[in-house]
Every structure is written in C-alpha cells, then in structure tokens.
Amino acid sequence: MRLDKYICESTTLTRSQAKKVISQGRVKSDDKIVRSSAYKTSEGEEIRFDGDIISVRGLRYIMLNKPQDFICSNVDEQLPSLFNLIEADKKEQLFIAGRLDADTTGLALITDDGQWSHKVTSPRNKCKKRYRVGLDAVITDEAIAQLKEGVQLNAEPQPCLPAEVEIISDTEVVLTISEGKYHQVKRMFAAVGNLVIELHREQIGDIELDASLAPGEWRYLTAAEVKSIG
Ligand code: URA
C-alpha cells in the first residue's frame with residue numbers, strides 16, 4: 001500500500017494532510033525517514049508517525065440497537081442520523097447494511113466492507129431478517145396463510161417469497177423474510193389488510209441483536225458473527 005494511503009487509513013489525517021506530514025519528515029519506516037508519499041509499504045514493516053507506531057485499521061463491523069426517531073442515513077435530516085450514536089474514526093466511510101425506517105427499532109448492521117454489506121442485502125443471497133411486529137388489528141388465519149405463501153405487494157412485479165410466521169398473540173407476530181424490499185414488512189401487512197404499529201428487527205442471518213445492548217448502544221461484531229454472513 002502507498003505510504004500516504006497507509007497514513008490516511010491508520011490515522012484521522014486526510015490524504016493531503018498525510019502527504020504533508022510525509023514531506024515534513026514525520027514518518028519513518030523501520031526507523032528511516034521516508035519523504036515519498038508514493039513509497040510502497042510492505043507486510044511486517046514498522047511505520048511510525050511522530051514516533052508512534054501506527055497500523056492500518058481493518059474493516060469494521062458494528063451492531064447497533066437502533067432507537068426510534070434516528071434515521072439510517074449518514075447525515076442528519078429532519079431527524080438525527082444514527083451515526084450520532086457511534087463513536088468511531090472516519091464515520092463517513094461507514095454505511096448501513098439494510099436500512100430501517102425511522103420508527104423501526106432494533107438490529108442495524110454498520111460496516112465499511114462493501115462486499116460483506118452486499119451479502120446482507122442482495123436478494124440473491126436470501127439472507128434472513130427476523131422482525132417482531134406489533135399490529136393494529138387481530139391477525140387472521142387467511143392473512144397468515146397469505147404471508148406464508150408469498151403476498152403480492154402493490155407496484156411489485158412478483159409476489160414476495162414465502163415468509164415464516166410465528167404467532168405471539170392476536171396482534172403480535174414474529175416474521176422472518178429473506179428479501180429487503182422498500183418498507184417490506186409494513187407493505188406485506190398492508191397487503192393482507194392490517195397495519196404495523198410497532199416494528200423491531202431481532203436478527204439478520206445468524207446475527208442476533210445482543211440483549212445487553214440498550215437502545216442506542218452498539219458494539220463491534222465478533223469474528224464469528226462477521227463470518228456467519230456468507
Ligand atoms: N420493513 C419495513 O417496513 N420497515 C423497516 O424498517 C424494515 C422492514
């Protein structure tokens with residue numbers, strides 16, 4: 001990796017600031033000052049900036065328990081971005097793997113790994129998402145049958161893939177789907193004549209929302225959790 005990129009990825013400096021500190025002689029490779037930004041670093045080499053050893057940050061994978069009234073956007077709009085809840089360097093490089101509506105709570109996955117995010121969201125991958133759904137009206141047997149079969153959403157060419165439905169009470173269900181269409185859960189219940197009044201995502205693939213995270217809290221995923229998305 002080029003030295004300026006290395007500095008950029010291992011500190012909070014921008015590319016142009018990295019070039020500047022390199023030309024100022026503040027960066028050393030194995031105790032020798034390097035003044036060329038184009039210098040190619042290699043595996044095992046010790047890079048120091050102002051005397052401190054620095055190393056390139058790996059890709060980041062985060063789970064957040066999203067509270068209501070935060071939006072899945074990198075910038076604040078009428079409501080604040082959920083990135084206000086996370087403390088991390090270079091937050092602008094992070095994005096949300098599968099957005100939730102402002103009024104939806106629960107598991108949000110955040111990463112800077114585009115390929116991993118694609119595995120979570122790509123319809124081809126059929127990564128399951130489990131939601132706890134509070135409903136306005138009693139769920140009927142007919143609605144359950146339709147959801148299990150695959151409901152036809154308004155303005156979609158194909159019906160949804162069959163969903164898994166677990167009945168918790170007359171007005172609460174756990175729904176598992178393997179797609180991620182826009183407002184999918186709300187539209188699925190609208191299509192069977194009901195209305196979602198509460199929506200909470202509990203699980204994506206094999207990654208379950210950590211019960212120790214209060215709304216607004218987050219943690220890095222374990223290596224096993226990262227690997228489980230395949
Ligand atoms: N489906 C919805 O309708 N909203 C969400 O936030 C997530 C899934």
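No experiment lies behind these values; they were computed from the predicted model shown.

1. A word on the nonpolar core
It is characteristic of soluble globular proteins that their nonpolar side chains tend to be buried jointly.
Link 1 in the chain: With 33 residues, the main nonpolar core has Val133, Leu175 and Phe189 as its most contacted residues.
Link 2 in the chain: Those elements that place two or more of their residues in this core are strand E5 (61-66), strand E7 (105-111), strand E8 (129-135), helix H4 (141-149), strand E10 (172-177), helix H5 (184-191) and strand E11 (196-204).
Link 3 in the chain: Among all residues touching leucine 175, those that are not within four sequence positions of it are Lys129, Arg130, Tyr131, Val133, Leu147, Ala163, Glu164, Val165, Val185, Met188 and Phe189.
Link 4 in the chain: Core analysis: the second largest hydrophobic core is formed by 15 residues, Tyr61, Met63, Leu109 and Leu209 among them.

2. A look at the site of the ligand
Link 1 in the chain: Residues in contact with the ligand, as listed here, are Leu100, Asp101, Thr104, Tyr131, His183, Gln184, Val185, Lys186 and Leu199.
Link 2 in the chain: In the environment of the ligand, a nitrogen atom lies 3.5 Å from a nitrogen or oxygen atom belonging to the backbone of glutamine 184.
Link 3 in the chain: A total of 230 Å² of accessible area belongs to the ligand in isolation, and the protein chains cover 96% of it.
Link 4 in the chain: For the shell around the ligand, the residue count by class is four nonpolar, three polar and two charged.
Link 5 in the chain: Structurally, the shell around the ligand is a two-domain feature, drawing no fewer than three residues from each of domain 2 (59-122 + 210-230) and domain 3 (128-204).

3. Re the pairing of E7
Sheet faces and side chains relate simply in a regular strand, where the side chains alternate between the two faces.
Link 1 in the chain: Among the seven residues of E7, seven are classified as buried, and the element is accordingly described as predominantly covered.
Link 2 in the chain: In the sheet, E5 pairs with E7 via six bridges, with the strands oriented antiparallel. When the sheet's bridge partners are listed, asparagine 65 is paired in E7 with leucine 107.
Link 3 in the chain: Sheet topology places strand E6 (residues 95-96) next to E7; two bridges connect them, and they run antiparallel. The residue bridging phenylalanine 95 from the neighbouring strand is threonine 111, located in E7.
Link 4 in the chain: Note: E7 against E11, two bridges, orientation parallel. Residue pairing in the sheet places glycine 106 in a bridge with arginine 201 of E11.

Cut-offs applied
Residues numbered from 1 in each chain as written. Predicted model: local features only at pLDDT ≥ 70, side-chain atom pairs only at ≥ 80, totals over all residues. Heavy atoms only, no water. Core = buried A, V, L, I, M, F, W, Y, C linked by side-chain atoms within 4.5 Å. Buried < 20%, exposed > 50% of the residue type's maximum accessible area, 1.4 Å probe, protein only. Helix = DSSP H or I, 4+ residues; strand = E, 2+ residues; numbered from the N terminus. Contact = heavy atoms within 4.5 Å. Near = heavy atom within 4 Å. Polar contact = N/O pair within 3.5 Å; in protein donor to acceptor, adjacent residues only side chain to side chain. Areas by Shrake-Rupley, 256 points an atom, 1.4 Å probe, with all protein chains shown as cover. Nonpolar A, V, L, I, M, F, W, Y, C, P; charged D, E, K, R; others polar. Domains from an automatic or database assignment. Pairing = 2+ DSSP bridges.

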